[in-house]
Amino acid sequence: MRVLKFGGTSVGKPEIIRQVVQIVQSKPQPCVVTVSAFGGTTDKLIQTAQQAALRQESYKESLKEIEKRHLDAVNELIHASRRSGVIAKVKEMLNELEDVLQGIYMLRELSARTQDYVMSFGERISAYIVAETFVEYNIEAISVDARQLIRTNADFGNAKVDFKTTNQLIQSFFNDSNKNVLKVVTGFIGSTAQGETTTLGRGGSDYTGAILAAALRADVLEIWTDVDGMLTADPRKVPKALKIEEITYEEAMELSFFGAKVIYPPSIQPAFAEQIPILIKNTFNPNDPGTLITKETKDDHRAIKGVSSINDIALVTLSGGGIVGVPGSAMRMFRALAQQNINIILISQASSEHSISVAISNKHAEEAENALQIEFSQELKQGLINKIVVEKDLAIIAVVGKGMKNTPGISGKIFSALGRNGINVLAIAQGGSEINVSLVINKANEKKALNVIHESFFLSETKSLHVFLVGTGLIGGTLLRQISDQIETLAQRNHIELKVCGIANLQKHIININGIDIKNWQTALEKEGRTTNLEQFINEMILANLPNSVFVDCTASQQVADLYSKILKASISVVTPNKLAASGPYDIYSMLKARAQKHNVKYLFETNVGAGLPIISTLNDLITSGDKIIKIEAILSGSLNFISNTVSKEKKLSQVIREAQKQGYTEPDPRVDLSFKDVARKILILARESGYKMEIEDVACEPFLPQDCFTAPSLEEFFAKVEQYDDAFESMRAQAEKEGKIYRVIATLENGKAFVKFQPIDHKHPFYYAKGSDNFVLFTTVRYSELPLLIKGPGAGAEVTAAGVFADIVRLAGIAN
């Protein structure tokens, strides 16, 4: 069983209706057909009814136009021997319409119920004419009024379907009727239990098709329209939009909800529930394969499936300390809007709970503001919440794709593309499924944003990268494995041809300009490698002069870091987790940045801070797009966070430090971590990236251990000293706990000053909720002043660090020729 739905453009002209007949004839039977009104007829019917309600005599001319169009179609499609009977039936319906319009004219009233009834004539006449056209081609067919089959409530204009009753009616009708007769069902309309005509919302003919397909357990639902399928963007706004071959139900629903017009959003749900594939086809180009919507799709080389948008949006923001930690604040906001029948399109709330923003239609902005002022009148009077802010004339950009899940860098790429083009993001929302990233921007930038994002994801050609790696220890070895695992996927999905052309460790090095067999690099290095000479390795890399070369330093060596200047001067990008260069003398740091810019290459050290977290790149994007850093607060040591999270009444400080050392959270000598020097280097790097000329000596550190712990001549004596401090530390921790606080090692940059302190914080601070060995970074900027930007996640470990290095490498494809 196939259900075929034909939209208004597919039945807009007699010659196209003949094409519909040929399409249905070519399909395996049995089939069920559902049709919309002739293209433009629904709008014409609404216009005519409105003219009648205003007692404008012009409604009669409009009715004549509707009549002429349908009778002309009958005259062209139906043979003379049968024409009079068909015309009589069409005129019967048109006369009924005329009577209704006359009543509207007399009463000067057009209710939603009456308008639904008027609109129903479009589908009823269309279905009848199409069914009679099938008969002309010797196909036994009848038109079926969906009001007999689809039961709804009385929400006229957008009625809700009673699926239990509807499914019973559909199944009963099709089981009892002649299966050899083709049924042409009216789209868009249904009826209440009292027999009142309802409509399913604009575009509801798709919904009718899905309802029929689900009830009949159809093999496929085909939606025939005037385009070759779903596109990656609206071609009216993005001229280079591409056709989507396959897409999941979830992706299609997201794109449809946010403006993709090929299908009506609710229409997917019944088919989704029954796992019925949906095929979008072009009536004017029936041989094109179209777009298949199904549960799972074949592997796609792109992380996203499309970019869509809706405009005429307003953003309503409720903010203030009075809603932080107060249960029910969001509920009250949503309830106040719901009572005014205001639909919420998007919700954005930070973990701090300091503000809640909702996107609604522009036309409801004043109603929403008034409703919230009434609901929160007491809080406003008491100053517990700020003035309700309403920003109008906005747009929502939705980036949709199942491939975004667990794919690093998608959001960074979006924001980078927008930032480079001066497009400010006012609000962000992303669901837990990670299938949709939605951004609120100024409406004036809608088309520009769509094109910028679309070009970033869909129009890039294959780019080559040639990697030379030094350091095959834990991070370097993990990186090579990750590259090996991902290299084919990069080529297929990202059009990046990545070759590892050089590998060096302390013992040997190997260079092969055609690429080393990445799956067997250890064997190749052992058998073909020469004794490592770092200068020779660098010189051979430079002499190879390969396009888009990348030097990757996975060591912690100052000797390697000292070579960055020479490498950058040779127009070779540097990617490294080695923080010695970026946190060394400021003049060296500044010179490396300037040299990279001068030679049009990159010096990327994202993993110097937060391992794989996008901390430095986010900071750079903020600054590049014109934002100004006011303050940075950060938990930048996984080991120290582990210690502060684990110490308890039962577990003493010295015991936890030993545990952290044993599990590899700290350096072999824990004093390296406990001195805060590593954290100092990281906040120093963030300070420099923020524009401050600072040296490591400028970062004030206040370790929680007494100085004599650090001067102990051996580790055992160090631990003995710590044990003496256990009780004092526990007393301090317990007092903080009693006050509802916990201690955190927090690095701070503010007003040009950087310091690292062990300090107590309460539940109002986002860092209070830091778990395990996670890193947290909080950016307060001019744009993010009331609601700071928070980045959090694992900040240590070979896997995430190597993944961060890998992400930096792949990021370089963005500047490849």
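That block above? That's the structure.
Residues numbered from 1 in each chain as written. Predicted model: local features only at pLDDT ≥ 70, side-chain atom pairs only at ≥ 80, totals over all residues. Heavy atoms only, no water.

Participant: I'm lost on the sheet that holds strand S13 (residues 355–361) in this one. Help?
Facilitator: Spatial ordering of the open sheet is given by S12-S13-S11-S14-S16-S15, a layout of six strands whose pairing is antiparallel. Strand pairing shows two members of the sheet lacking a second neighbour, strand S12 (346–349) and strand S15 (427–430), which therefore form its edges. In this sheet, neighbouring strand axes are inclined to one another by 30 degrees on average, regardless of whether the strands run parallel or antiparallel. The pairing of strand S11 (residues 306–319) with strand S14 (residues 389–400) spans ten bridges and is antiparallel. Note on S14: the bridge partner recorded for Asn311 is Ala395. Packed on one face of the sheet, helix H14 (residues 446–458) meets S11, S14 and strand S16 (436–442) and runs near 125 degrees to S11. (Pairing = 2+ DSSP bridges. Helix = DSSP H or I, 4+ residues; strand = E, 2+ residues; numbered from the N terminus. Axes fitted to C-alpha atoms, helices over the stretch in contact; angles between N-to-C directions. Contact = heavy atoms within 4.5 Å.)

Participant: Honestly, unusual backbone geometry in this entry has me stumped. Any pointers?
Facilitator: Keep in mind that most residues, glycine aside, have a negative phi and that most peptide bonds are trans. Residue Pro30 is reached from Gln29 by a cis peptide bond, and omega for that bond is 5 degrees. Position of Pro30 among the secondary structure elements: in the loop between helix H1 (14–25) and strand S2 (31–35). Unlike most non-glycine residues, Phe188 shows phi in positive territory, near 80 degrees. Tracing the backbone through its elements, the reader meets Phe188 in the loop between strand S4 (182–186) and strand S5 (189–191). If you check the backbone angles, Asn341 has positive phi at about 55 degrees while not being a glycine. Inspection of the secondary structure assignment puts Asn341 in the loop between helix H10 (329–339) and S12. Assessed through its relative accessible area of 67%, Asn341 is described here as exposed. (Buried < 20%, exposed > 50% of the residue type's maximum accessible area, 1.4 Å probe, protein only.)

Participant: Can you walk me through the nonpolar core in this structure?
Facilitator: Buried together is how nonpolar side chains tend to be arranged in soluble globular proteins. Judged by nonpolar contacts, the single largest core of 78 residues is most densely connected at Phe551, Tyr603, Leu653, Ile683 and Leu705. With seven residues, helix H25 (residues 677–689) is the single largest residue contributor to this core. The residues touching Leu705, leaving out its near neighbours within four places in the chain, are Leu653, Leu674, Phe710, Phe718, Val722 and Tyr725. Core analysis: the next-biggest nonpolar cluster, separate from the first, contains 56 residues, Ala146, Ile211, Leu221 and Phe272 among them. (Core = buried A, V, L, I, M, F, W, Y, C linked by side-chain atoms within 4.5 Å.)

Participant: What is the right way to read helix H22 (residues 638–646) from this model?
Facilitator: Given 3.6 residues per helical turn, the α-helix brings residues three or four places apart onto the same face. Burial analysis of H22 places eight of its nine residues in the buried class, the great majority of the element. Residues of H22 that are buried: Gly638, Ser639, Leu640, Asn641, Phe642, Ile643, Ser644 and Thr646.

Participant: What's the story with the sheet that holds strand S29 (residues 789–794) in this structure? I'm lost.
Facilitator: Hydrogen bonds between backbone atoms are what pair the strands of a sheet, whose relative direction is either parallel or antiparallel. Here we have six strands laid out as an open sheet, ordered S25-S27-S26-S24-S28-S29, and mixed in their pairing. Of all strands in the sheet, those with a lone pairing partner are strand S25 (699–702) and S29, marking the two edges. Within the sheet, the average angular offset between the axes of one strand and its neighbour, ignoring direction, is 20 degrees. Looking at chain direction, S25 and strand S27 (residues 753–761) are connected through four bridges and run parallel. Note that in S27 the partner of Ala700 across the bridge is Phe755. Lying on the sheet, H22 is in contact with strand S24 (629–635), strand S26 (742–750), S27 and strand S28 (774–781); it crosses S26 at an angle near 145 degrees. Seen against the sheet, H25 touches S24, S25, S26 and S27 and runs at an angle of roughly 35 degrees to S26.

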